[in-house]
Structure formats: structure tokens, C-alpha cells
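Residues per chain, in single letters:
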Amino acid sequence: MAGSLEAHALARPPMLAAVNLALHPGTMTGVIGPNGAGKTSLLRALAGVSRGPGRVLIGGQPVQPHPRTLAWLPASRDAVWPMTAAALVALGLGPSALLDNAAVAAALAACDASQLAGRSVDQLSTGERARVLLARALVAQPAWLLLDEPIANLDPGHRIDVMLLLAAQAARGAGVVLALHDLDLAARCDRLLLIAGGQLVADGPPAEVLNAAHLARHFGVQRGGGGQGWERAAD
Amino acid sequence: MNLRLALLCTALLLASLAIGPVDLLAIAQTDPALARTLFVELRLPRAGLALLIGAGLGAGGAAAQALLRNPLASPDVLGPASGAALGAVIAGYFLGGGVLGMAMGSLAGAGGGLAILLALAGAGSRAGGTTRLVLAGVAVSTLFGVAINLALSLAPSPFALYDLMFWLMGSLADRTLPQLLLAAPLIALGLALLLRAGPGLDALTLGEDVAHSLGVALPALRRQVVIGIALVTGAGVAVAGNIGFVGLVVPHLVRPFVGHRPGRAILPAALAGAALLLAADIAIRLLPADLNLKLGVFTALIGAPFFLWLIRKGL
């Protein structure tokens, strides 16, 4: 496994102000924040798919894109060509890799998508396609997983499954970074980064970051009385 | 599938070599030298050019659709085709360049179209590259199309105008060995570039960002594909004029057989394009000569309704 992923003065003006971070393998880091906060800008910058000021290093070295180094999963669920789910997952092995059917089958199984393997991706529901695309990100067993809203579009059961799957990826030594809006499931992360207005405003364990003041100020919500979920925070 | 298509190409190539206004075998009995000359100077260039240009059109179309992630793309969209036509028109009719001059003009036009395209699309940048490439291609194509119309209206004589219009319709009639020898290496190089780009183009299915994270060097891939398309298109237009619809339709015919992987479709698209153009060129030779149907007109006449049928079927 590769070393830590470090961001030095990483910025994507005007969406993201300069941020310094060190993320560690074997941990699951959640990126939370309101719409337009800069979560995707941060993840894209960390994944090396956007250009701008600052540097990203893995194990102290500049990132060389490779399927086993880092997988980037964008929030888009688009599929241009009507290929099968299995063929799409196989693309995650990289352009120069030989087809590894066992790895494809394992990735699809991990995402509860084995039954979708032979179906054309344009015939799948958005949630089904989201699971297939996640399998694509996992198939090469990358050292770092950078995932933009991997649980959006999923039903409640599959949301929990995916969070458990990502925790298992962290347990095998991968570094997992995911943006998400579900604050209850965010609490399952090892560490949370709270982004608001393009700034990193809080960084720490979920119990610390998800405090009442942050929730009210940045999300405009508070926990409901008697464990009744969430409600709008009073001004 | 590739083997079957290759066999079909071979059969059609032999048929194309055998078909003509005179019986070469009969001539060979009495005048072997004349038969040989007719074969080498007329039959071979026509069949060889149909094979090569068809392969270039098919592969160019498949690569354009893969690069732009757009099933409606074709080399025409990218601009070099109309640039090549303009270059050939200028060189051939206004500079009196002859066969070689037209070929050079065509390649210069394809290259010029390409250079404008790359400059407009900011080929060095990765983000948003393909959308900008499509928009720039449409603009460049339109500009060259208008310039060809201007060239037509400025034709030095009515005969030149007549020649020019017929040449633009696309044909392989009366092509010669030097034209085959000129086009062959250029199209072969273009095909090699496009075939090498296949795996990268497959990865591009997932979007530019994901392809980059998988290790695909996008600016280099884009350059390789656009140069490959310019070579096959420029060389093809230089000797045969505009041959429409093969580049657009053929990739749709073969893609289902390769699991819709756009990069893997390039080789079968080349073979199917070659087979289609050989068959179309044989067909127009079997039609009554006084119909004077041009190859480019024929492929579009067949291709457009067929494409509409494909769309109706759900593409």
C-alpha cells in the first residue's frame, strides 16, 4: 500500500481556498458540507483531475495516475455507450491491463451487482448504475479511493452496504475519501472534513465535527427531539 | 468477426479487380502487356483505393465517435475532411497542381483545418476538451464549406466548375497507380495511429477525468486520434473527393459485435468500411454507365436512409 496522501496549499479558486491536509491509508474520511461548499472541488483536486495551485503527494511523491494507485469516482452516473455492466467494470482495470474476470466478478459481488453483470448499463436504474460504477472504482483494488457521493441515488439498505464495504476497503489498508450528504452515515467515518464556502472549517472525528453549532451554522439543521431525525434549526 | 470481415474484404477486392468494361483474361491471351498495364494502372488502383479509403473512413468514424463520446460524430465533424476538400480544390484548380498538387493541397488543407481546430479547442488543456473540439470542428467545417462554395463561384472556367463539382461528389473512377502509392502510406500511418489509440479510447468511455486517473495521457491521446483522422481523411479526400456517410454509419454497424467498446470497434469498423466501399464501387460499375452515379453520391443515397432506419430501430 502507498503512503499518506498529502495536499499542500491545494486551492481551486474561486471554489476552494488553499487547504493543507494529510490523509492516511486505512482510514475512511468523509467530506461533508452544504451544496456548493466545494466538496467536489476538493475531491477532484485531491484526485489530480483538476488543475490549479498546490500539490498532491502520495507517499511523498507526485501522483502518477494508475488504476492501482488511485480511483476517482465522479458523481455523474452517465454512460455513453450501452455496454454491459461487466464490460464497464473491466474498464477500471486500466487501458493496458489484461481482462481479469475474477476481479470483475468480485467487484460486482462486493457492490451487490452480480445479477446486473450481463445487463446493458443504459437499461439500469440510476441506483443500479451507481453500484456498477462503484464496482468499476474498486476493481483494481486501488490504494486510494476518492469517491464523489457514492451513496447518492442508493436505497437505504444499499447505502449501509456501501458504507460497510468502504469500511472494509479501509480495513484492507486503502485510503477512502468520500463526499456525502447523509450526516447519520457520515458518523460512520473515521474522520470528517467539513467544507463550507470553499473553506475547510472543521477536521476531526465525527463526534467533534457533527456538533450542534456546526450543524446549525453550516447546514441549518438540528437533531429532532426524541430521536425524530432532523429538523430545520431555529435562526 | 474481424476474420469474417477480412475474408469479405478479400472476396470483394478480388471481385473489384475482376470487374471492368473489358475482359482482361481475353486481352491477356492476345496482348499480355496491355492486359498487365490495364490491371496495374486502372484496376489495381481503383480496388486498392476503395479498400484503403473505406478502411480509413470506417476507422476514422469509429475513432471520432469514441474520442468525442458522441454517436453522431464523423470525420466531417472534426473539420479536416472539408479542409482537405478545400485544399485540394485550391491546389488542383487554381494553382494547376495536377494529381500530386491536389494531394499536397488536400493534406495541407486537412492539416490546416486540424491546426485551427486544435488552437480553437485548446488541445493542450484537459478539462472540457471534447465539447470544445466538437464546437470548434463544426465551426471549422462550416467555414471550409463556405470557402469551397466561394471557390466554386470563382472557378476559372465553366469546365473547371464542372470538374470541380464532380470531383467533390467523390469517385474512384480513372484513378492511377501514383495516386494509390501516394495515399497508401498516409492512410496506413493514420490507421496505425487510430488502432493504437483503442485502449485509451475505451477508457474515455468513463469520462475524461476517470480516463486521466486510469493513466491515460489525454492531450497525447487526443493529438494521436486527431492526426490519425486527418491522415486517413486528408489522403482519402485527396484522391477520391468527398465520400459521405461511411464514417458515420459503419461504426454503428460493428459496435454491437464488440460489446459497444468504442476503442475495440476501430479495427472492425476499418474492415467493414473497406468492405462497404468496395461493394459500393462494384455496385456503381454494374449500374448503367449513362447514369453516371458518383461513388460519394451512392454511399450517401444508401447510407442516409439506412441510418434513419437505424435511428428508428433505436440505434
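Look up: the structure comes first, before these words.
For clarity, every value in this text was computed on a predicted model and none was experimentally measured. (Residues numbered from 1 in each chain as written. Chains lettered and ligands numbered in written order. Predicted model: local features only at pLDDT ≥ 70, side-chain atom pairs only at ≥ 80, totals over all residues.)

**With respect to the packing of helix 1 (residues 2-18) of chain B against helix 3 (residues 32-68) of chain B**
Residues and elements named next belong to chain B.
So, step 1. Orientation of helix 1 relative to helix 3, taken along the N-to-C sense of each, is 150°, at an axis distance of 9 Å. Classified by the angle between their axes, helix 1 and helix 3 sit roughly antiparallel to one another. Along this stretch, helix 1 crosses helix 3, giving a crossing that reads as right-handed. Within the contact between the two elements, helix 1 uses Cys9, Leu13, Ser16 and Leu17 and helix 3 uses Arg43, Leu44, Arg46, Ala47, Ala50 and Leu51.
So, step 2. Looking at the contact of helix 1 with helix 3, its residues break down into 7 nonpolar, 1 polar and 2 charged. (Axes fitted to C-alpha atoms, helices over the stretch in contact; angles between N-to-C directions. Helix = DSSP H or I, 4+ residues; strand = E, 2+ residues; numbered from the N terminus. Parallel < 35°, antiparallel > 145°, perpendicular 65-115°, else oblique. Left-handed = near helix turned anticlockwise from the far one by under 90°. Contact = placed C-beta atoms within 7 Å. Nonpolar A, V, L, I, M, F, W, Y, C, P; charged D, E, K, R; others polar.)

**What about the environment of Ala107 of chain A?**
All names here are of chain A.
So, step 1. As for its position among the elements, Ala107 is in helix 3 (residues 101-110).
So, step 2. In this structure the C-alpha to C-alpha distance between Ala107 and Gly48, which are 59 residues apart in sequence, comes to 24 Å.
So, step 3. In this structure Ala107 touches Val89, Ala135, Leu138 and Val139, once residues within four positions along its chain are discounted.

**Quick word on the interface of chain B and chain A**
So, step 1. If you look at the interface, chain B gives 20 residues, while chain A gives 23 residues.
So, step 2. Contributing elements (two or more residues each) for the side of chain B that touches chain A: helix 10 (198-204) and helix 11 (208-213) of chain B.
So, step 3. A breakdown of the residues in the side of chain B that touches chain A according to their chemical character gives 8 nonpolar, 8 polar and 4 charged.

**Some thoughts on the sheet that holds strand 10 (residues 199-204) of chain A**
All names here are of chain A.
So, step 1. The strand order 6-7-8-3-9-10 describes an open sheet built from 6 strands, whose pairing is mixed. Two strands bound the open sheet, and with one partner strand each, they are strand 6 (70-73) and strand 10. Here the strands of the sheet are splayed against their neighbours by 15° on average, with no regard to which way each runs.
So, step 2. Of the strands in this sheet, strand 3 (28-32), strand 7 (144-148) and strand 8 (175-179) touch helix 5 (residues 156-171), which is tilted by about 150° from strand 8. (Pairing = 2+ DSSP bridges.)

**With respect to unusual backbone geometry**
So, step 1. Residue Pro14 of chain A is bonded to the preceding Pro13 of chain A through a cis peptide linkage, with omega at 0°.
So, step 2. Along the chain, Pro14 of chain A falls in the loop between strand 1 (5-12) and strand 2 (16-23).
So, step 3. Even without being glycine, Asp112 of chain A reaches a positive phi, approximately 55°.
So, step 4. As for its position among the elements, Asp112 of chain A is in the loop between helix 3 and helix 4 (126-138).
So, step 5. Even without being glycine, Arg69 of chain B reaches a positive phi, approximately 50°.
So, step 6. Its place among the elements puts Arg69 of chain B in the loop between helix 3 and helix 4 (75-78).

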